Amino acid sequence: MRTAPPLLAPSAVIIALAATLGHFFTDAFTTLLGPLGPDMKAIFGLTLTQVAFLSSVMSLTSSVLQPVLGVYTERFDRRLMLALGPTLAGVGLCLLPYMPSFAFLVALVALSGIGSGILHPSGSAYVSDYSPSHQRGLWASLFSAGGTAGMALGPVLVVVLGLQGLPYMIPLIVLIGVGIYFSVPSIHTQKKKATVKEYLSVFKGPIQKLWGMAVLRSLTSIGYNGLLPFLLHDRGFGKNEVAYSLGIYAIASAIGGIVGGRLSDKYGRVKVLRSSLLGLIPLYILLFYSSPADLWYYPLTFVVGGLTNATIPVGVVAAQEYAPNHVALASSIMMGFSWGVSGLLFTLIGGIADHFGIMPALWVSVFMLIPSMFLVYNLPEPMKLAQKG
């Protein structure tokens, strides 16, 4: 069972900071894989299929399997899981230059993905346990923003160090893991191991609807990020406009998550989810028919990115409050599992783009927000349920 630690103690801030830094470095390391693709293809003689397969392995181990890893997070000392997250994620990718075969590359990428998969539920659970109840949404959004900032660092490391320079990061990675381990308390959340039936029962009712909402909302975001470069290219714009657009969208995502988390503390989780999703559909449509030549394009991109991702930490906190005895598992369902399934479904959006064009595919992705709204429309407010309990 969860125990409620003292709130607002100095140690609570240190613990939340350690979890957020772990999130920052873990996402920075796992984001390296994409930019490393051309170097790995040239140095190891890989085919494009093999490079794509490595990305699939990363997605499988870090996202799709995250609920399974969330279960292990609850069964073992959470402190160990939190420290192992960035350590495995970083060492796995930084050892790539020394691998003698493709099979070893796959094994290391899988190891790195597992590190990411155990960091997210354990870190989110620490933040949930030690955050003040009236600011849980804010603290969760700051944890989420740490990962977003880390994803921005990953490509920079590739530019600065290159594939061959990554092993020099290993001492720093180990130091990060050790520092995190000694910054947080040892927590065993379950004196008695839960049954498989109990774990499966978490994924039902409100959390099931929340997960469906998260999958569809993420599919909209993935569709935008994945298809925007092609849309702008067809309209005669270059890499700079694409980079500016995606960069502004990413920055707004971090800020929007923080604002959304704080508003959910004040007005309720479900209200923020409903209002954010409702306002997105017309804004996305306006954005699709705008271009970087329009004065409102980049401000509109910022607003859309902020609103889209305002729901991410709010959904995670709501799931934690729906399942207070399985916080790590609830977090993994709302983070990695939803993202992983959305990534798989994006293949269908890509097929629509191939057969019918970019704009029809974007329309399909944005209209995923309609069923997403219906899923959260009748959800009970988790904070009120907690007060009744």
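Rules used throughout
Residues numbered from 1 in each chain as written. Predicted model: local features only at pLDDT ≥ 70, side-chain atom pairs only at ≥ 80, totals over all residues. Heavy atoms only, no water. Helix = DSSP H or I, 4+ residues; strand = E, 2+ residues; numbered from the N terminus. Rg over C-alpha atoms; globule rule 2.2 N^0.38 Å. Buried < 20%, exposed > 50% of the residue type's maximum accessible area, 1.4 Å probe, protein only. Contact = heavy atoms within 4.5 Å. Areas by Shrake-Rupley, 256 points an atom, 1.4 Å probe, with all protein chains shown as cover. Expected span 1.5 Å × (residues − 1). Salt bridge = Lys/Arg side-chain N within 4 Å of Asp/Glu carboxyl O. Core = buried A, V, L, I, M, F, W, Y, C linked by side-chain atoms within 4.5 Å. Phe/Tyr/Trp six-rings, centres within 6.5 Å; stacked < 30°, edge-to-face > 60°. Lys NZ or Arg CZ within 6 Å of the ring centre and 35° of its normal. Polar contact = N/O pair within 3.5 Å; in protein donor to acceptor, adjacent residues only side chain to side chain. Axes fitted to C-alpha atoms, helices over the stretch in contact; angles between N-to-C directions. Parallel < 35°, antiparallel > 145°, perpendicular 65-115°, else oblique. Left-handed = near helix turned anticlockwise from the far one by under 90°. Nonpolar A, V, L, I, M, F, W, Y, C, P; charged D, E, K, R; others polar.

In the annotation of an unreviewed UniProt entry, the entry for the protein reads MFS transporter, and the organism field reads Deinococcus roseus.

Trainee: Help me out: how do you make sense of the overall build of the protein in this one?
Mentor: From N to C terminus, the protein includes 17 helices and 0 strands. Taken over the C-alpha trace, the protein has a radius of gyration of 20 Å; the compact-globule value for 389 residues is 21 Å, and the two agree within 12%. With respect to the principal axes defined by its C-alpha atoms, the protein has extents near 60 × 50 × 40 Å. Among the 389 residues that make up the protein, the fraction classed as buried is 53%. Long-range contacts, defined here as pairs at least 24 residues apart, represent 86% of the contacts in the protein between residues at least 6 apart. With an accessible surface of roughly 17,000 Å², the protein has 72% of that area assigned to carbon and sulfur atoms.

Trainee: Would you mind going over helix α11 (residues 239-267) with me for this structure?
Mentor: The terminal C-alpha atoms of α11 lie 40 Å apart, and with 29 residues this matches the ideal 42 Å at 1.5 Å per residue to within 8%. Along α11, the positions that sit buried rather than exposed are V242, S245, Y249, A252, S253, A254, G256, G257, G260, G261, S264 and D265. Downstream of α11 by a residue or two, G268 has a phi angle that is positive, lying close to 115°.

Trainee: Honestly, the pattern of salt bridges in this entry has me stumped. Any pointers?
Mentor: Opposite charge on two side chains lets them pair, provided their charged atoms get close. Per the stated rule, a full pass over the model turns up 5 salt bridges. A salt bridge links R136 to E321; the nearest nitrogen and oxygen atoms lie 3.6 Å apart. With R136 in helix α7 (residues 136-165) and E321 in helix α13 (residues 297-322), this residue pair connects regions lying 185 residues apart in the sequence. Where R269 meets E321, a salt bridge forms, and the shortest distance between an N and an O atom there is 2.9 Å. Taken together, the residues span a long stretch of sequence, with R269 in helix α12 (residues 269-288) and E321 in helix α13 at a distance of 52 residues.

Trainee: Looking at this structure, I do not really get the environment of A252. What am I missing?
Mentor: Mapped onto the elements, A252 comes out in helix α11. Remark: the alpha-carbon pair of A252 and V304, spanning 52 residues in sequence, is separated by 8.0 Å. Leave out the neighbours within four places in its chain, and A252 touches F302, G305 and G306.

Trainee: What should I look at first to understand the nonpolar core in this one?
Mentor: For soluble globular proteins, nonpolar side chains are generally found buried alongside one another. Judged by nonpolar contacts, the single largest core of 51 residues is most densely connected at I207, L210, Y224 and Y284. When contributions to this core are tallied by element, the ones reaching two or more residues are α10 (206-234), α11, α12, α13, α14 (327-356), α15 (358-366) and α16 (369-377). When sequence neighbours within four positions are dropped, the list of residues in contact with Y284 reads T220, S221, Y224, Y249, V304, T308, V366 and L369. Counting residues in hydrophobic clusters, the runner-up holds 28 residues, among them F29, L93, A110 and L166.

Trainee: Help me out: how do you make sense of the packing of aromatic side chains in this one?
Mentor: Any two aromatic rings considered together are summarised by their centre-to-centre distance and by the angle between their planes. Counted by the stated rule, this structure contains 12 aromatic pairs. Plain terms: the ring middles of Y289 and W363 are 6.2 Å apart, the flat faces sit at 65° to each other, and that makes the pair edge-to-face. With Y289 in the loop between α12 and α13 and W363 in helix α15, this pair connects stretches of sequence that are 74 residues apart. An aromatic cluster is defined as three or more aromatic residues linked by ring pairs; in this entry it consists of Y224, Y249, Y284 and F288. The lysine or arginine in question, R79, covers the ring of Y181, its NZ or CZ lying 4.1 Å from the ring centre. If you follow R274 out to its NZ or CZ, it ends over the ring of Y377, 5.5 Å from the centre.

Trainee: Explain the side chain of S131 here, please?
Mentor: Along the chain, S131 falls in the loop between α6 (102-130) and α7. On the basis of relative accessible area, S131 is assigned to the buried category, the value being 1%. Within the structure, S131 has its side chain in polar contact with the backbone oxygen of S128 (distance 3.3 Å).

Trainee: Please clarify how the packing of helix α4 (residues 66-75) against α6 should be interpreted in this entry.
Mentor: How two helices sit against one another is set out by the angle between their axes and by the gap between those axes. Where α4 meets α6, the closest approach of the two axes is 8 Å, and the angle between their N-to-C directions is 60°. Between α4 and α6, the crossing angle belongs to the class labelled oblique. With respect to the hand of their crossing, α4 and α6 are arranged in right-handed fashion. Along the contact surface, α4 presents Q66, L69, G70 and T73, while α6 presents I114, G117, I118, H120, P121 and S122. Here the contact of α4 with α6 is composed, by residue class, of 4 nonpolar, 6 polar and no charged.

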